[in-house]
Amino acid sequence: MGSKRKSTVKKNKRLKKLKKTVYEEPEELKRAPHSFVIHRGQIGKSLLQLVKDFRKVMEPFTAASLQVYKKNTIKDFVALAGPMHVSHLCVFTSSDTGVNFRVARLPQGPTMTFKLQNYALSKDVVSSLRKQMVNPKLFSHAPLIVMNNFTGEGLHINLMATMFQNMFPTINVTKVNLNDIKRCVLMNYNTETKLIEFRHYAIKTVPVGLSKGVKKIVQSKVPDLSNFDDIDEFLLKPELLSDSEFEESTSSNVVVPQKLVSRGNIVGTQSSIRLSELGPRLTLQLIKVEEGLMTGDVMFHEFIKKPDEKPDDKKEAKEEV
């Protein structure tokens, strides 16, 4: 009886160690930005699908299957944020004036409110492409964030850039594994219209300087040779090349610095970077910046200005924040 009890205790200890090993995240994953993407209030099917599409963008560091109920409050998600290492809260809401998109830094803010001027769902974007590149493996790593033209006067522009950059993991260019960079998010700010264009792409590298027939063989795509008498005819037939391949642009060509999983890309040779849009597409306009979490002093408002505030005082106040 005593030996059985000892074996049971040892078994329970092994199970506890196993559970701890399985469920405890590595320290670098804990430090990576995590997010909740939710909606509040009554929304239609289209906006609900947009919430799901945006969760795909934020994978793998987001709660992809998070269930949101009417009785849930913002405080509920804030309470969960700490144990789950969640750093950002993205909220979609709909009203008579349009759709709003809010991004908050947890747990204390600030909060940015954007008006969603236009959007296109991922399924609509992908269906419009001739060559679609949708693979579940694309979402096993976080996307690369590329920001353009976030310059100008006002602290709100710097806050926007910082907020969006911190939503995605940082990359150490000296240690990064290029096989892990499978997607990118492009954000462009128009200083004249004050609109932000949000795009989401899949990244693919293909060898250059090869005919279409050779590429198929190199990349393990078995060609249909039933209409050819000899493989030389397949490889050398000029009709196999499209016009774009005869005059392929060299602006997207790079020298491969690492060994890549994709076939045909050899270290030290040139390959071409191709982007395939995944969606969704968003057109955003910053409306308001609040100092706290969904509340607090308004640091910036696009349409409401304080009449008694001098420009110099406003600048000093922002610098202090």
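Residues numbered from 1 in each chain as written. Predicted model: local features only at pLDDT ≥ 70, side-chain atom pairs only at ≥ 80, totals over all residues. Heavy atoms only, no water.

The name given to the protein chain in an unreviewed UniProt entry is Brix domain-containing protein, with Aphis glycines as the source organism.

The number of helices and strands found in the protein chain is 10 helices and 11 strands. Residue pairs in contact within the protein chain that sit at least 24 positions apart in sequence constitute 67% of those at least 6 positions apart. For the protein chain, the exposed surface amounts to about 20500 Å²; the carbon and sulfur share of it is 53%. (Helix = DSSP H or I, 4+ residues; strand = E, 2+ residues; numbered from the N terminus. Contact = heavy atoms within 4.5 Å. Areas by Shrake-Rupley, 256 points an atom, 1.4 Å probe, with all protein chains shown as cover.)

On to the nonpolar core, then. F54, F92, F114, M160 and I196 are the most contacted members of the largest nonpolar core, which totals 37 residues. Examining the composition of this core, we find that 6 residues originate from one element, helix α3 (residues 45-58), more than from any other. In contact with I196, other than residues within four places in its own chain, are F114, F150, M160, F164, M187, N188, Y189, L282, T283 and L284. (Core = buried A, V, L, I, M, F, W, Y, C linked by side-chain atoms within 4.5 Å. Buried < 20%, exposed > 50% of the residue type's maximum accessible area, 1.4 Å probe, protein only.)

The next thing to look at is a nonpolar patch on the surface. A contiguous nonpolar patch, built from V254, I273 and L275 and spanning about 230 Å² of accessible area, is present on the exposed surface. Looking at the secondary structure, you find L275 in strand β9 (residues 270-277). (Patch = residues over 30% accessible without salt bridge, like charges linked within 9 Å, V, L, I, M, F, W, Y side chains within 5 Å. Salt bridge = Lys/Arg side-chain N within 4 Å of Asp/Glu carboxyl O.)

This part takes up the pattern of salt bridges. All told, the structure shown has 6 salt bridges when counted by the stated rule. A salt bridge links E197 to R199; its shortest N-O distance comes to 3.3 Å. Using a relative accessible area of 27% as the deciding quantity, one classes E197 as partly exposed. Across the salt bridge formed by R199 and E277, the nearest N and O atoms sit 4.0 Å from each other. Of this pair, R199 sits in strand β7 (residues 195-207) while E277 sits in strand β9, placing them 78 residues apart in sequence.

Here the focus is the side chain of N179. Relative to the helices and strands, N179 resides in the loop between α6 (155-165) and β6 (183-190). Given the relative accessible area of 18%, N179 is considered buried. In terms of polar contacts, N179 uses its side chain to reach the backbone carbonyl oxygen of K259, at 3.2 Å. Excluding residues that lie within four positions of it along the chain, N179 makes contacts with K259, L260 and V261. (Polar contact = N/O pair within 3.5 Å; in protein donor to acceptor, adjacent residues only side chain to side chain.)

Among the structural elements, D53 can be located in helix α3. In this view, D53 contacts L121, S122 and P280; residues no more than four positions away in its chain are not counted.

Okay, the environment of I304 next. Within the fold, I304 resides in the loop between β11 (298-301) and α10 (311-320). Counting along the chain gives 17 residues from I304 to I287, while the straight-line C-alpha distance between them is 9.5 Å.

We now examine the confidence of the model for the protein chain. With 73% of its residues at a pLDDT of 70 or more, the protein chain has an overall mean of 82. Below a pLDDT of 50 lies the segment residues 240-247, which in the model reaches 9 contacts outside its immediate sequence neighbourhood of four places, other chains included. For residues 313-321, every residue scores under 50 in pLDDT, and the model assigns this stretch 5 contacts once sequence neighbours within four places are set aside. (pLDDT = per-residue confidence, 0-100.)

Next up on the list: the pairing of β7. Both β6 and β7 contribute to a ladder of 8 bridges, which runs antiparallel. For N188, the partnering residue across the bridge sits in β7 and is E197. Counting the residues between successive antiparallel strands, the hairpin from β6 to β7 contains 4 residues, one of them, K194, with a positive phi of roughly 60°. Pairing geometry for β7 and strand β10 (residues 281-290), over 4 bridges, is antiparallel. If you follow I196 over to β10, its bridge partner there is L284. One ladder, built from 7 bridges, connects β7 with β9; its direction is antiparallel. Paired with P207 across the two strands is S271, which belongs to β9. (Pairing = 2+ DSSP bridges.)

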